[in-house]
Structures are given as C-alpha cells and as structure tokens.
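What follows is the residue order along each chain.
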Amino acid sequence: MPSGSVDAARSGVRRVLWLTLALNVAVSLAKILVGNLSRSMSMVADGYHSLLDGANNVVGLLLTQAAYAPPDEDHPYGHRKFETAATVTIGLALLGLAYRVLANALVRAETERLPDIGVLSWTVMAVTLVVNFVVATYEAREGQRLGSPYLTADSAHTKSDIYVTLGVIASFAGARAGLPWTDSAVAAGIGGFIGVLGVRILVGAFHTLTDRAAIPSRDLERLVLGVPGVQGCRDIRTRGGPDAVHVDLVAHVDGEMTLRAAHAVADRIEQAIHDAHPGIVDVIVHVEPAGG
C-alpha cells in the first residue's frame, strides 16, 4: 500500500476512534449515573458495556499508530497484525465483562426490589439508542472504506449496544408492571450476549493470527488461469486479515518463453489479483516452465 494511502487510512481510523470515544464515554456515564440512582442493574450493566466501547477506542488509538507503520527490518511483512492483536484485547475484555454482569445478575435475582424508573431513565435510554445506531453505522461504513478490521470489530461491539439497550427498555416496562425479576433477567441476558460477542471476535482474530487461508485457493486459481500466457498454477497460499492479505503462488508458462516475457506474465498475474481483491497487499509469483 502506498505511503500516502497508509497515512490516509491511519488518520481516518484515528478520527473515527476519537469521535466514537467521546460519544461512548458520554452515554456510558449517563447510564451508570442514572442507573445507580434508579437502582436499575440492567441499566448500569449497559453503562459498563458502553464504557468498554470507550476503553476499546483508547486501545485502538494507541495501537493504530503502530499497526499502520511501514514494514521494517524486524517486521518485513508490516505491522497490521498489531491491529488484530488489539481485537484480541476487545474479545478478552468482553468475556471479563460478561462474567461480571452475569455474577451480579445472579446476586440480584435473590432480591425482590423494584428499580425506580422515571422520566430521566427513559430519556437517557432513548438518547442512547439513537447514539448507538449512529455510531455503529458510522464505524461499520468507515471500517469497510478504510480497510480496518479494528473498526469493523468495534462496530460489531457497538451494534450489540442497540440490542442491549432494547433489553434494558424492556426491563423498564417489566418494572412498571411490577415484575422485579425482569431487571436481573435482562442483566443476565446482556451478560450472555456480551460473552457470545467476545467469543466471535476472538475466533476471528485467532484465524488471522494462525494464518488461516484468507481467500479460497480455487478462486485465485481460476483468476490466474485466465491470465494470457499462464498454462497452469499450483501451491497457492494466502494469509493475513481481510484488509491485508499476502499471496504467493507458482505459475507455469511456456518453457521456451524469454525471461522478459515470463516476467511480464507474472506482472499481469499480480495486477489481475490486485484488481479482483483490493484487500491484497502483496503478491509473490514464482514462474516455472510448464511440465517442470
């Protein structure tokens, strides 16, 4: 990726993270404060969930500077897996939060105390619902545009806040109906939802860190065989994240072809692969004579 594109991606990711950090902190503090005042455990749990979004934004701000640094002697393939490592942090933090929320929900289930839900509680949750939708949509769009797995992962986390917030609103309705168990039940549901999301993020990061094939080899094989001058290909390998895929392969050409002509075929293969898969950052083509 050209240095100008890298700089633009880095600054774009950081701009998104700063904006979402401000919004996440604002809504999380409002939910924690009002939730404690109204004795709504589900609202407080939702506030911590949003606060974790803010903490993840801080992690992203610290790591994207390193993730978008150019390749160097110690990291010849670049530093993009720093960003993948950051998504691991998100996943682990989600699992820790899920445990805390579930444990508190079990303790609260033993009581029969109704939360005191007033106009302020409803207002905070309504505003939160709007903010969550805007932030999740914005992060998902920018994550795709900038090719940032961190923003994509964080948008999925923020999107979960929408469902969590709806659950909290449902617990408010239960409290107004005189059903004290709804608060702890919704809190437990929030904990379970957070845990599932954490596992999904960790699985995705695990695939990237363990060099799972990023693109089906059959797809690339069909593409390479369509390049003029190619008589066959083998040993197609891919690795990396969706926005930073590395490819290497062996292409067979006419054994009588000159070195210059064979090099031109390799260039056409690289261009065809880059055109079909913009997320590929490096292609290595080893040319061999057909039948060799």
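Everything here concerns the structure above.
Definitions and limits used
Residues numbered from 1 in each chain as written. Predicted model: local features only at pLDDT ≥ 70, side-chain atom pairs only at ≥ 80, totals over all residues. Heavy atoms only, no water. Pairing = 2+ DSSP bridges. Helix = DSSP H or I, 4+ residues; strand = E, 2+ residues; numbered from the N terminus. Axes fitted to C-alpha atoms, helices over the stretch in contact; angles between N-to-C directions. Contact = heavy atoms within 4.5 Å. Core = buried A, V, L, I, M, F, W, Y, C linked by side-chain atoms within 4.5 Å. Buried < 20%, exposed > 50% of the residue type's maximum accessible area, 1.4 Å probe, protein only. Phe/Tyr/Trp six-rings, centres within 6.5 Å; stacked < 30°, edge-to-face > 60°. Salt bridge = Lys/Arg side-chain N within 4 Å of Asp/Glu carboxyl O. Polar contact = N/O pair within 3.5 Å; in protein donor to acceptor, adjacent residues only side chain to side chain.

Colleague: Hey, could you run me through the sheet that holds strand β3 (residues 280-289) in this one?
Modeller: Across a sheet, paired strands are connected by hydrogen bonds in the backbone, their directions being either parallel or antiparallel. Taken together, the three strands give an open sheet; going across it, the order is β1-β2-β3, and neighbouring strands pair in mixed fashion. Of all strands in the sheet, those with a lone pairing partner are β1 (232-241) and β3, marking the two edges. Each adjacent strand pair in this sheet contributes to an overall mean axis angle of 10°, direction not counted. Two strands pair when backbone bridges link them, and β1 and strand β2 (residues 244-253) are joined in this way by eight bridges, in the antiparallel orientation. If you follow Arg 237 over to β2, its bridge partner there is Asp 248. Running over the sheet, helix α8 (residues 259-276) touches β2 and β3 and is turned about 150° from β3.

Colleague: Explain the nonpolar core here, please?
Modeller: Nonpolar side chains in soluble globular proteins tend to end up buried together. Counting 31 residues, the largest nonpolar core has Met 43, Leu 94 and Val 168 as its most contacted members. The residues contacting Leu 94, other than those within four sequence positions of it, are His 49, Leu 52, His 157, Ile 194, Leu 197, Gly 198 and Ile 201.

Colleague: I keep staring at the packing of aromatic side chains and nothing clicks. Help me out?
Modeller: Here a ring pair, both rings aromatic, is described through the centre-centre distance and the interplanar angle of the planes. This structure, assessed with the given rule, holds one aromatic pair. Seen in terms of ring centroids, Trp 122 and Phe 172 are 5.4 Å apart; in terms of plane orientation they differ by 80°. Their pairing is edge-to-face. A residue pair is termed long-range when its members are at least 10 positions apart, and Trp 122 in helix α4 (residues 119-146) and Phe 172 in helix α5 (residues 149-176) qualify at 50 residues. For Phe 172, a relative accessible area of 0% gives the class buried.

Colleague: Would you mind showing me how to read the environment of Glu 256 here?
Modeller: Within the fold, Glu 256 resides in the loop between β2 and α8. Judged by its relative accessible area of 71%, Glu 256 falls in the exposed class.

Colleague: Whenever I open this one, the pattern of salt bridges confuses me. Can you help?
Modeller: Side chains that carry opposite charge are capable of pairing whenever their charged atoms lie near each other. The final tally for this structure, using the stated rule, is seven salt bridges. Here Glu 142 ties to Arg 145 by a salt bridge, and the two come within 2.6 Å at their closest N and O atoms. Taken together, the positions of Glu 142 and Arg 145, both in helix α4 and three residues apart, correspond to about one turn of that helix. Using a relative accessible area of 53% as the deciding quantity, one classes Arg 145 as exposed. Across the pair Arg 222 and Asp 219 runs a salt bridge, and its minimum N-O distance is 2.6 Å. Linking Arg 222 with Asp 219, this pair stays in helix α7 (residues 217-225), spanning three residues, or about one helical turn. For Arg 222, a relative accessible area of 57% translates into the label exposed. Several salt bridges share partner residues, and in doing so they unite Arg 15, Arg 141, Glu 142 and Arg 145 into one network.

Colleague: So what exactly am I meant to see when it comes to the side chain of Ser 28 here?
Modeller: Of note, Ser 28 is situated in helix α1 (residues 3-38). Judged by its relative accessible area of 0%, Ser 28 is buried. Among the polar contacts made by the side chain of Ser 28, one reaches the main-chain carbonyl oxygen of Val 25 at a distance of 2.9 Å. For Ser 28, the contacting residues outside a window of four places in its chain are Gly 47, Ser 50 and Leu 51.

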